Amino acid sequence: MSHHWTTGLLFVQIVAKWRQEKLISTVPIGNTDCFGETMLPLQAEICGTVAAVDATEMETHHKILILDDDADWLDLCRELLVPLPSKPEIRTVSSGARALALLESEPFRLLVCDLKMPRMDGLQVLAIVRRRFPGLRTVVLSGLEDEEFRSRAYALGVDLFWLKADMQQNTQMFLDCLESLLGREVDGGFRGIQSKSLMDIIQMECLSRSSTVLRISRGPLTAKMWIQDGEVIDAETEGTRGETAVRRILAWKSGTFESLPAEPSRERTIIKPINALLLESAQTIDESANATELESMEQDVHRKTVWKLGLLMREGAEFVVSVPLDGQGAPEALGTQSTEQLADWTRQVAEVIKRLGERIEAGPLSHVAAKGADRQLLILPSERKSFLVGWPPGDAADEILEKSKRLVVSWDS
Amino acid sequence: MGFLKKLFGSRAAIQQLPTGSITMDRDGQIVTSTVSSMYPQPLLQAIGRDVLRLFREARSTEMPLTELDIHFASLRITARELRGGTLIFIFPQTTLAPTPT
């Protein structure tokens, strides 16, 4: 009884607070939030997104599924989410099994999930959802103020973790976050400017005649590009500099970037105009994509092998085995003769550990490090393949992990 | 038994992650454990058996291992080989928890 009474009281408080906020939120959004307080950049971005959504009046009505074992809480959430600007269709369920059945039968955009539930808890639901519906946005709305659950939820790839207790204070902010998640498309591109390639970003910087230093990251790889008065004057990445570095950077398909203050005193190593460089790179990418002649393919394979061998030696690894998922191509290896044997072992280890992780709800596998008498091994799984990297004994574990990650990213790029 | 479930239902709860250490013999039986008794024994046994299996498979691939460190997003399992058996340390990984060495 007391549980329902508490939920009922929270319900009244949250709805009252939210209605009050709705009245205040007609104030134009600048650098302050709906309460007139200074916003963090992320909050400002979210509010900006919502304003944009308001302006364009989204045409598609996304569906939101709310999962909670408390019927009163489901009613509260429904009442709160129905008036969202994108006018989503709200569905509610009270058990994990029903939620999964519904997700199988209809497409949903967003799942709002409680954690503490009978039979199947929220983390179990999220683990299954992550595997079966990778495109579904997920939000945890929980009453558990425990850092462990927050970490475990984020480890399962949820987009947002929100405490039920915080709803009372920040209802509008929560709704804005949901609206932002509903509107966000799952496109490739560089974070910050979705669906724009790095070429677009550089062109924009150059056309606006700006001076800046672009710091670009792709996993453990980083690069810098110096732009002065709209011209690319220098670039460096992976031990290369100048035009070679530009070509290598432009081959990256996704990543993150940030603008750093300009460095006018930087020595100029690139003389070619940026349009010529971009054109050359685009041609190279097109040619490599359309290359059909056997000879050029053989040359390409040879060049790649030499380059990968160079990578292996530079990082100091003994061998690398790249193991595609079952039935998706043959394993590839450098530095070892036992390719098939090592590939089979890697596949087995990845499979056994992946199943164990699902069973004990430990989240996705990050990596496996192993030590033997005469070598150290590191297994790095990814969506399409796993990598086994062999190292001499004695190197520090952290160092091996960093070097292996670098090697794998370069290997696949 | 079914009617009891209908009467009392099942309690809302979340499966906790295990913390502590276990020692397993070569037959996959837990010899000692410091993991809370609240944690389901079958899951603990599954961890131990999978670790033993990995050591065994590495041996049969002619790559005998002495130590295995499995990093999940929210749990780390470190295992040392003990003459066919194994000693396993289990640490939940949270953003606030210090990383064990």
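Refer to the structure above for everything that follows.
Conventions and cut-offs
- Residues numbered from 1 in each chain as written.
- Chains lettered and ligands numbered in written order.
- Predicted model: local features only at pLDDT ≥ 70, side-chain atom pairs only at ≥ 80, totals over all residues.
- Helix = DSSP H or I, 4+ residues; strand = E, 2+ residues; numbered from the N terminus.
- Buried ≥ 20, exposed ≤ 12 C-beta atoms within 10 Å, placed from the backbone.
- Contact = placed C-beta atoms within 7 Å.
- Nonpolar A, V, L, I, M, F, W, Y, C, P; charged D, E, K, R; others polar.
- Pairing = 2+ DSSP bridges.
- Right-handed = clockwise from strand over helix to strand, strands pointing away.
- Axes fitted to C-alpha atoms, helices over the stretch in contact; angles between N-to-C directions.
- Parallel < 35°, antiparallel > 145°, perpendicular 65-115°, else oblique.

(A) Region of interest: the overall build of chain B. Scanning chain B from N- to C-terminus turns up two helices and five strands. Secondary structure elements in chain B, listed N-terminal to C-terminal, are α-β-β-α-β-β-β. Sorting the 101 residues of chain B into buried and exposed places 26% on the buried side. Contacts in chain B between residues at least 24 apart in sequence constitute 40% of all its contacts with a sequence separation of at least 6.

(B) Up close: the interface of chain B and chain A. Counting residues at the interface gives 33 residues for chain B, matched by 37 residues for chain A. Of all elements in the fold, only α2 (41–60) and β3 (65–72) of chain B reach the threshold of two or more residues within the side of chain B that touches chain A. Of the residues forming the side of chain B that touches chain A, the biggest block, eight residues, is contributed by β3 of chain B. Residues of the side of chain B that touches chain A, tallied by class, amount to 18 nonpolar, nine polar and six charged. Across seven bridges, the pairing between strand β15 (residues 365–372) of chain A and β3 of chain B is antiparallel. Pairing of Gly372 of chain A across the sheet is with Leu65 of chain B, part of β3 of chain B.

(C) Highlighting the pairing of strand β1 (residues 63–67) of chain A. All names here are of chain A. With four of five residues buried, β1 is to be regarded as a mostly interior element. Direction of pairing for β1 relative to strand β2 (residues 89–93): parallel, over a ladder of five bridges. If you follow Ile64 over to β2, its bridge partner there is Ile90. Where the polypeptide runs from β1 across helix α3 (residues 71–81) and back to β2, its parallel neighbour, the crossover connection is right-handed. Bridging between β1 and strand β3 (residues 110–113) involves four bridges; their strand directions are parallel. The residue bridging Leu67 from the neighbouring strand is Cys113, located in β3.

(D) Quick look at the environment of Thr339 of chain A. Among the structural elements, Thr339 of chain A can be located in helix α13 (residues 339–360). Beyond its immediate chain neighbours, meaning those up to four positions away, Thr339 of chain A contacts Val321, Pro331 and Ala333 of chain A.

(E) Spatial organisation of the sheet that holds β2 of chain A. Residues and elements named next belong to chain A. As summarised here, the arrangement of the five strands in space is β2-β1-β3-β4-β5, forming an open sheet in which the pairing is parallel. Among the strands making up the open sheet, the edge pair consists of β2 and β5 (160–163). Averaged over all pairs of adjacent strands, the angle between strand axes in this sheet comes to 20 degrees, irrespective of strand direction. Pairing of strand β4 (residues 137–142) with β5 involves four bridges; the strand directions are parallel. Paired with Ser142 across the strands is Leu163, a residue of β5.

(F) Focus on the packing of α13 of chain A against α2 of chain B. Contact geometry of α13 of chain A with α2 of chain B gives a least axis separation of 11 Å together with a crossing angle of 175 degrees. When the axes of α13 of chain A and α2 of chain B are compared, the pair comes out roughly antiparallel. Every residue of α2 of chain B that contacts α13 of chain A at Trp345, Gln348, Val349, Val352, Leu356, Arg359 and Ile360 of chain A is listed here: Leu43, Ala46, Ile47, Asp50, Arg53, Leu54 and Glu57 of chain B. Residue composition of the contact of α13 of chain A with α2 of chain B, by class: nine nonpolar, one polar and four charged.

(G) Fine view of the pairing of strand β4 (residues 75–82) of chain B. Residues and elements named next belong to chain B. On β4, burial follows the alternation: Leu75, Ile77, Ala79 and Glu81 on one face are buried, whereas Arg76, Thr78, Arg80 and Leu82 on the facing-out side are not. Pairing of β3 with β4 involves five bridges; the strand directions are antiparallel. Within the sheet, the bridge partner assigned to His71 lies in β4 and is Arg76. Taking the residues between adjacent antiparallel strands as the criterion, β3 and β4 are bridged by two residues. Relative to strand β5 (residues 85–92), β4 runs antiparallel, the two sharing eight bridges. When the bridges of β5 are listed, Ile77 appears paired with Ile90.

(H) Inspection of unusual backbone geometry at higher detail. Residue and element names in this part refer to chain A. The residue Arg119 is not glycine, and still its phi comes out positive at about 60 degrees. The residue Arg119 is located in the loop between β3 and α5 (122–132) in this model. The phi angle at Glu361 is positive, at roughly 55 degrees, despite the residue not being glycine. Mapped onto the elements of the fold, Glu361 is located in the loop between α13 and β15.

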